[in-house]
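Spelled out from the first residue to the last, the chains are:
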Amino acid sequence: MNIEWDAEKYTRDFSFVSQYGSSLLDWIDGENLAVLDLGCGSGVLTKALAERGHDAEGLDASAELLQAARASYPELRFTQADAVRFQTNRTFDAVFSNAVLHWIEREKQPQLIAHVFDALKPGGQFVFEFGGYGNNARIHDALRRAFEARNRTYVMPFYFPKIGEYTSLLEQGGFLVRSALLLDRPTKLTGEDGLCDWIRMFVKTPFEGLSQTLAEEIIQSAAAELNAALYHDRNWYADYVRLRCKAVKPF
Ligand code: BEZ
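Residues numbered from 1 in each chain as written. Predicted model: local features only at pLDDT ≥ 70, side-chain atom pairs only at ≥ 80, totals over all residues. Heavy atoms only, no water.

1. What to know about the side chain of D93
Thinking step 1. Along the polypeptide, D93 turns up in strand β4 (residues 92-98).
Thinking step 2. Among the polar contacts made by the side chain of D93, one reaches the main-chain amide nitrogen of A34 at a distance of 2.7 Å.
Thinking step 3. In contact with D93, other than residues within four places in its own chain, are L33, A34, L120, K121, G124 and Q125. (Helix = DSSP H or I, 4+ residues; strand = E, 2+ residues; numbered from the N terminus. Polar contact = N/O pair within 3.5 Å; in protein donor to acceptor, adjacent residues only side chain to side chain. Contact = heavy atoms within 4.5 Å.)

2. Here's the deal with the site of the ligand
Thinking step 1. In the region of the ligand, the neighbouring residues are A99, H102, G131, N135, N136, F158, F160, W198, F202, Y240 and R242.
Thinking step 2. In this structure, R242 approaches the ligand through a side-chain N or O atom, which is 2.6 Å from an oxygen atom.
Thinking step 3. Its free accessible area being 260 Å², the ligand has 97% of it covered by the protein chains.
Thinking step 4. Those elements giving two or more residues to the shell around the ligand turn out to be α8 (194-202) and β8 (235-248).
Thinking step 5. Along the lines of polarity and charge, the residues of the shell around the ligand split into six nonpolar, four polar and one charged. (Near = heavy atom within 4 Å. Areas by Shrake-Rupley, 256 points an atom, 1.4 Å probe, with all protein chains shown as cover. Nonpolar A, V, L, I, M, F, W, Y, C, P; charged D, E, K, R; others polar.)

3. Some points on the pairing of strand β1 (residues 34-38)
Thinking step 1. Across the five residues of β1, five count as buried, placing the element largely inside the fold.
Thinking step 2. Both faces of β1 are covered, namely the face carrying A34, L36 and L38 and the face carrying V35 and D37.
Thinking step 3. Where β1 meets strand β2 (residues 55-60), five bridges bridge the pair, whose relative direction is parallel. Residue pairing in the sheet places L38 in a bridge with L59 of β2.
Thinking step 4. In this fold, the crossover linking β1 to β2 by way of helix α3 (residues 44-51) has right-handed handedness.
Thinking step 5. Note: β1 against β4, three bridges, orientation parallel. Bridge pairing links D37 to F96 in β4. (Buried < 20%, exposed > 50% of the residue type's maximum accessible area, 1.4 Å probe, protein only. Pairing = 2+ DSSP bridges. Right-handed = clockwise from strand over helix to strand, strands pointing away.)

4. Some remarks on the nonpolar core
Thinking step 1. In this structure, I139, L143, W198, I199 and F207 are the most contacted members of the largest nonpolar core, which totals 31 residues.
Thinking step 2. Elements that contribute at least two residues to this core include exactly α6 (137-148), α8, α9 (212-230) and β8.
Thinking step 3. Here this core takes eight residues from α9, the largest share from any one element.
Thinking step 4. The residues touching L143, leaving out its near neighbours within four places in the chain, are Y154, I199, V203, F207, I218 and A222. (Core = buried A, V, L, I, M, F, W, Y, C linked by side-chain atoms within 4.5 Å.)

5. Details of the environment of I28
Thinking step 1. The residue I28 is located in the loop between α2 (16-21) and β1 in this model.
Thinking step 2. By relative accessible area, which is 8% here, I28 ends up buried.
Thinking step 3. In this structure, the C-alpha to C-alpha distance between I28 and G124, residues 96 residues apart in sequence, is 10.0 Å.
Thinking step 4. Other than its neighbours up to four places away in sequence, I28 contacts L33, V35, L49, H54, A94, F96, Q125 and V127.

6. As for helix α5 (residues 109-119)
Thinking step 1. Listed in full, the buried residues belonging to α5 are Q109, L112, I113, H115, V116, F117 and A119.
Thinking step 2. Tucked into the core, α5 has its buried residues touching β1, β4, β5 (120-131) and α7 (163-172).

7. A closer look at the environment of R152
Thinking step 1. As for its placement among the helices and strands, R152 is situated in the loop between α6 and α7.
Thinking step 2. With a relative accessible area of 38%, R152 lands in the partly exposed category.
Thinking step 3. It is 38 Å that separates the C-alpha atoms of R152 and E171, two residues lying 19 residues apart in sequence.
Thinking step 4. The contact partners of R152, leaving out residues within four places of it in the chain, are F147, L210 and L214.

8. Some points on the pattern of salt bridges
Thinking step 1. Taken as a whole and judged by the stated rule, the model has 20 salt bridges.
Thinking step 2. Note that D29 is salt-bridged to K246, the shortest N-O span being 2.6 Å. One end of the pair, D29, is in the loop between α2 and β1; the other, K246, is in strand β8, and 217 residues separate them in sequence.
Thinking step 3. With a relative accessible area of 9%, K246 lands in the buried category.
Thinking step 4. Salt-bridge contacts for E225 lead to R145; the nearest nitrogen and oxygen are separated by 2.6 Å. With a gap of 80 residues between them, E225 in helix α9 and R145 in helix α6 connect regions that are remote in the sequence.
Thinking step 5. Taken together, the shared-partner salt bridges connect D55, E57, R77 and R90 into one network. (Salt bridge = Lys/Arg side-chain N within 4 Å of Asp/Glu carboxyl O.)

9. A short note on unusual backbone geometry
Thinking step 1. Located in the positive-phi region is N136, a residue other than glycine, with phi close to 55°.
Thinking step 2. As for its position among the elements, N136 is in the loop between β5 and α6.
Thinking step 3. Judged by its relative accessible area of 3%, N136 falls in the buried class.
Thinking step 4. Positive phi is not limited to glycine here, since D233 has a value of about 50°.
Thinking step 5. Overall, D233 belongs to the exposed group, its relative accessible area being 70%.

Now the structure itself:
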């Protein structure tokens, strides 16, 4: 799924996406590696990879986010391509991906895994994290109820698999899975309007074709329902669940 991004707002108000992703860098073994940052967005973690001494380059489908990445880090190489179709002119020691794979439909995941496999050298590592089973379940359930109360259907726009499902796809794609975790990570959102802003930024396709008035009514209704569960001490906390994994291409 390719959506249009407000790169400035994304970088300013949703910096927690890359901040949390930085601990995933520790899952890459080795030094001075050729690393592809798959779905690099505005390039913050591509830069962090380079600062750790890796020969890092970024790939993303979004022209808006790549423009921001190139402006911030002109010394790094960024390529525009779709994660399920990309080809590279060299092979990598590691493919790294943070908070990206849930944007890709279940049916296209084998294709993505095959492209990552082809992009890696033998022994290369695929280190990634994305939304796992149950990710943002309260938010999506509240949105579903708000849609249905208005005789609309809420179509879940993300893929949040269980560990067994995704590691099986990796194994079917030829990978050896070395580590996999599914963990809760309640995530503090920015500002009094943090949950509504988060929904406006990330949950786009279910609202396509609705008037702005109806869309706002649904968002406010979901937020009101979620207040008791997700709003504490004047902050919103989204109910994130991460699937974190490391798989290796056999020699
Ligand atoms: C995530 O990082 O888990 C995520 C972010 C936005 C929308 C869906 C999932």
